[in-house]
Amino acid sequence: MSDTTSFPTLRPPSGAVPADAPAWNPQRPSAMPHHRYRPAHDRVPLPPLTDRTWPSRRLERAPLWVPVDLRDGNQALAEPMDTERKRRMFDLLVTMGFKEIEVGYPSASRTDFDFVRHLAGSGAVPDDVTVSVFTAARQDLIDRTVDSVEGLPHVVVHLYTATAPTWRDVVLGRSRSEVHALIRDAATRLMRRAEERPGGDIRFEFSPEVFNLTEPDFVLDVCNGLTELWEASPDRPVIHNLPATVEIATPDVYADQIEYMHRHLARRESVVLSVHPHNDRGTGVACAELAVKAGAQRVEGCLFGNGERTGNVDLVTLALNLYAQGVDPMIDFSDIDAVRDVVEHCNRIPVHPRHPYGGELVHTAFSGTHQDAIAKGMAHHAKQAAEAGVSAGEAPWEVPYLPIDPGDIGRTYEEVIRINSQSGKGGIAHLLRTHHGLDLPQAMRPDFSQTVQQVTDSTGSELSPGELWDLFRTTYVAPCGEGPFVLESWSTSETGPGAHEFSCELRAEGQVRSLRGTGNGPLSALTDVLRSAGVTVDVLGFAEHSTATGPGSPAAAYAECRVDGTVSWGAGWDTSVLAASVHAVMAAVNRAGGLTR
């Protein structure tokens with residue numbers, strides 16, 4: 001029984017079970033003050049969308065991905081990036097193929113301003129990459145922002161203001177009409193400053209911060225007004241970015257809000273509809289995916305989801321979710337570990353080992369049933385590829401428990417199956433085959449699995465492929481030369497059709513004897529020798545194979561023997577198949593002696 005006194009601040013729910021609860025659900029009401037919080041439907045007027053179309057749509061192409069690691073992600077770091085770390089992150093994003101990158105909030109800090117100027121003067125920005133900079137709706141901040149981008153060929157200036165009622169009342173202290181006027185004045189200032197740069201390619205983006213808690217008619221009015229003010233056109237569209245700044249509802253609610261805007265935005269062909277989900281409810285990825293189905297064309301987020309509170313939506317997960325559905329993400333993740341290393345260096349925050357796709361352990365199976373299914377799936381995949389005449393890397397992927405081929409994102413197969421106390425015989429056999437060329441007979445696998453579990457249970461640690469091989473060799477191969485019966489020397493000969501002779505010097509209990517036996521094969525003749533030494537041996541099962549290709553490759557042999565009534569397995573390893581077979585029988589004999597003691 002657990003000791004609840006170990007958690008003195010917790011109060012187990014003790015209210016009466018609700019009268020309408022089914023008999024199988026005995027949960028009781030807790031004492032937590034849930035009444036303090038209102039559902040989204042009571043906090044914001046939701047769009048009257050009764051004929052929604054997004055549920056039946058499919059994701060068939062990647063949106064424009066816009067990483068905000070250098071701005072929104074950076075402002076959430078305990079140690080914001082310096083220029084060196086910012087540049088390393090920027091170079092990674094360019095290399096991966098991002099074509100629009102938000103690089104900073106130049107009016108907020110000298111570091112951000114200097115980094116934008118560094119990009120302008122360093123030639124680091126390719127011709128097809130657009131740099132985005134962020135600014136609040138204040139004239140002095142807008143002026144400094146526009147000053148920072150001088151010399152950059154393609155720029156988006158991202159203007160934002162909070163629009164939700166709570167933010168208007170508590171933070172800004174302005175009415176709805178006053179906030180609207182503030183936004184329009186700032187947008188006009190931005191447009192005028194951009195016009196002062198003849199030939200400069202400056203486009204505009206507006207974010208009604210906390211869009212998901214703002215009245216739909218207000219957001220629509222503000223956005224449509226800016227589309228007109230900024231003279232948007234299909235070849236020079238404005239970006240209306242609709243953030244779920246703080247998640248407050250299930251993802252379907254956000255999708256409804258986005259579809260409403262998608263349908264009602266004026267001059268829709270001149271607007272790029274963008275989303276910027278955060279992850280307060282842990283559903284940022286779902287919000288983004290449903291928003292794209294609902295009409296969004298552009299997604300802002302961070303690599304591995306860094307950001308305020310629980311973070312921005314994770315672009316790695318979003319892009320590779322598409323990839324797993326056969327859709328080109330338009331971004332290169334072929335070396336996911338290199339991406340993770342740079343992000344961890346720049347953010348100084350580790351990526352969780354269970355993080356989707358990129359985590360250290362996400363392609364790893366410890367469970368025996370999972371390992372067996374993966375091992376069988378990998379073997380089947382290789383067979384299907386060979387039959388189709390294509391490489392395994394080109395064949396359609398259908399391996400249990402692995403949604404994508406780890407090799408596609410630069411992961412090796414070494415970490416796919418790892419061995420601990422939860423592992424099974426299939427995974428153990430897979431690692432021995434993959435790393436050491438051993439193909440254990442099916443009947444032998446449970447025997448070795450028990451040995452592995454004894455070790456992992458006692459140590460509490462996992463076994464590496466090398467340690468697994470050492471344990472196998474110690475358990476099944478080494479006893480050939482370490483038990484009560486050791487062949488000092490031996491030879492075989494065929495004395496006639498179907499007749500073989502085995503001659504040897506056998507050390508038994510400290511004495512060496514010259515013995516000879518006969519049988520219908522070399523192993524049968526060996527058991528005859530052992531019988532004359534007082535040991536009754538029956539070979540119940542036998543298998544052998546080469547462990548690699550080419551001449552001189554070692555052979556492995558496996559023998560299941562009944563030795564004076566005790567069944568045991570032995571293995572042999574030698575460049576000679578016959579020698580490996582003899583060693584396997586002798587190992588089984590010596591192991592049987594140890595098993596009976």
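Predicted, not measured: the structure shown is a model, and the values here were computed from it.

A look at the sheet that holds strand β14 (residues 566-574)
Then, number 1: Read across the sheet, three strands follow the order β12-β13-β14 without closing on themselves; strand pairing throughout is antiparallel. Single-partner strands in this sheet number two, and they are β12 (537-546) and β14. Shown here is a sheet whose adjacent strand axes are inclined to one another by a mean of 15°, direction ignored.
Then, number 2: As paired elements, β12 and strand β13 (residues 555-563) share nine bridges and run antiparallel to each other. Bridge assignment links Val539 to a residue of β13, and that residue is Cys561.
Then, number 3: Here helix α16 (residues 465-477) sits on the sheet in contact with β13 and β14, set at roughly 120° to β14.

Some words on helix α4 (residues 110-122)
Then, number 1: Here α4 spans 18 Å end to end across 13 residues, near enough to the 18 Å set by a 1.5 Å rise per residue.
Then, number 2: Here α4 has its buried residues at Asp112, Phe113, Phe115, Val116 and Leu119. Looking down the long axis of α4, one finds its buried residues gathered within 165° of arc, a one-sided arrangement. Facing away from the buried side of α4, by more than 90 degrees, are the exposed residues Arg110 and Gly121.
Then, number 3: Of the surrounding secondary structure, the elements contacted by the buried residues of α4 are α2 (69-73), α3 (83-96), β2 (100-104), β3 (130-136) and α5 (139-148).
Then, number 4: Count one or two residues on from α4 and you reach Gly123, which has phi positive near 70°.

Focus: the pattern of salt bridges
Then, number 1: Counted by the stated rule, this structure contains 32 salt bridges.
Then, number 2: For Asp128, the salt bridge identified is with Lys99, shortest N-O distance 2.7 Å. In this pair, Asp128 is assigned in the loop between α4 and β3 and Lys99 in the loop between α3 and β2, connecting sequence segments 29 residues apart.
Then, number 3: Owing to a relative accessible area of 46%, Asp128 belongs among the partly exposed residues under this scheme.

Quick notes on the packing of α3 against helix α12 (residues 336-347)
Then, number 1: Closest axis-to-axis distance for the α3/α12 pair is 9 Å, and the angle between their directions is 155°. Taken together, the axes of α3 and α12 are roughly antiparallel relative to one another. α12 is crossed by α3, and the crossing has left-handed handedness. Residue-level inspection shows Glu84, Arg85, Arg88, Met89, Leu92 and Met96 of α3 in contact with α12, the latter providing Val339, Val342, Val343, His345, Cys346 and Asn347.
Then, number 2: Residue classes in the contact of α3 with α12 are distributed as seven nonpolar, two polar and three charged.

Focus on the pairing of β3
Then, number 1: For β3, a buried count of seven out of seven residues is recorded, marking the element as mostly surrounded by other parts of the structure.
Then, number 2: In this fold, β2 hands off to α4, which returns the chain to β3; that crossover is right-handed.
Then, number 3: Of the pairings in the sheet, the one linking β3 to strand β4 (residues 154-162) comprises six bridges and is parallel in character. Looking at β4, one finds that Phe134 is bridged to His158.
Then, number 4: Handedness of the crossover joining β3 and β4 through α5: right-handed.

Examining a nonpolar patch on the surface
Then, number 1: Among the surface-exposed residues, Val170, Val171 and Leu172 lie close enough to one another that they form a single nonpolar patch of about 280 Å² accessible area.
Then, number 2: Turning to its location among the elements, Val171 is positioned in helix α6 (residues 165-172).

Considerations on the sheet that holds β2
Then, number 1: Sheet architecture is open: eight strands sit in the order β1-β8-β7-β6-β5-β4-β3-β2, paired in parallel fashion. Lying at the two open borders of the sheet, with one neighbouring strand each, are β1 (64-67) and β2. Taken pair by pair, the neighbouring strands of this sheet meet at an average axis angle of 30°, ignoring direction.
Then, number 2: Contacts between α3 and the sheet are confined to β1 and β2, with β2 contributing the most and set at about 175° to the helix.

Some remarks on the pairing of β4
Then, number 1: For β4, the tally of buried residues reaches eight of nine residues, placing the bulk of the element in the interior.
Then, number 2: Note that β4 and strand β5 (residues 201-209) share nine bridges and pair parallel. Paired with His158 across the two strands is Glu205, which belongs to β5.

Some words on helix α10 (residues 284-293)
Then, number 1: In terms of burial, α10 is largely enclosed, as seven of its 10 residues are buried.
Then, number 2: Every buried residue of α10 is accounted for by Gly284, Cys287, Ala288, Leu290, Ala291, Val292 and Lys293.
Then, number 3: Elements in contact with the buried residues of α10: α9 (251-264), β7 (271-277), β8 (298-301) and α11 (315-323).
Then, number 4: Positive phi appears at Gly295, one or two residues downstream of α10, with a value of about 125°.

Here we look at the side chain of Ser274
Then, number 1: Counting through the fold element by element, Ser274 comes out in strand β7.
Then, number 2: Note on Ser274: relative accessible area 0%, which makes it buried.
Then, number 3: At 2.6 Å, the side chain of Ser274 and the side chain of Asn241 are in polar contact.
Then, number 4: Among the polar contacts made by the side chain of Ser274, one reaches the side chain of Arg298 at a distance of 2.8 Å.
Then, number 5: When neighbours within four sequence positions are excluded, Ser274 is seen to be in contact with Ile239, His240, Asn241, Leu242, Arg298 and Glu300.

Thresholds, definitions, all that
- Residues numbered from 1 in each chain as written.
- Predicted model: local features only at pLDDT ≥ 70, side-chain atom pairs only at ≥ 80, totals over all residues.
- Heavy atoms only, no water.
- Pairing = 2+ DSSP bridges.
- Helix = DSSP H or I, 4+ residues; strand = E, 2+ residues; numbered from the N terminus.
- Axes fitted to C-alpha atoms, helices over the stretch in contact; angles between N-to-C directions.
- Contact = heavy atoms within 4.5 Å.
- Expected span 1.5 Å × (residues − 1).
- Buried < 20%, exposed > 50% of the residue type's maximum accessible area, 1.4 Å probe, protein only.
- Arc of directions from axis to C-beta.
- Salt bridge = Lys/Arg side-chain N within 4 Å of Asp/Glu carboxyl O.
- Parallel < 35°, antiparallel > 145°, perpendicular 65-115°, else oblique.
- Left-handed = near helix turned anticlockwise from the far one by under 90°.
- Nonpolar A, V, L, I, M, F, W, Y, C, P; charged D, E, K, R; others polar.
- Right-handed = clockwise from strand over helix to strand, strands pointing away.
- Patch = residues over 30% accessible without salt bridge, like charges linked within 9 Å, V, L, I, M, F, W, Y side chains within 5 Å.
- Areas by Shrake-Rupley, 256 points an atom, 1.4 Å probe, with all protein chains shown as cover.
- Polar contact = N/O pair within 3.5 Å; in protein donor to acceptor, adjacent residues only side chain to side chain.

As far as function goes, none of this settles anything; it's purely spatial.
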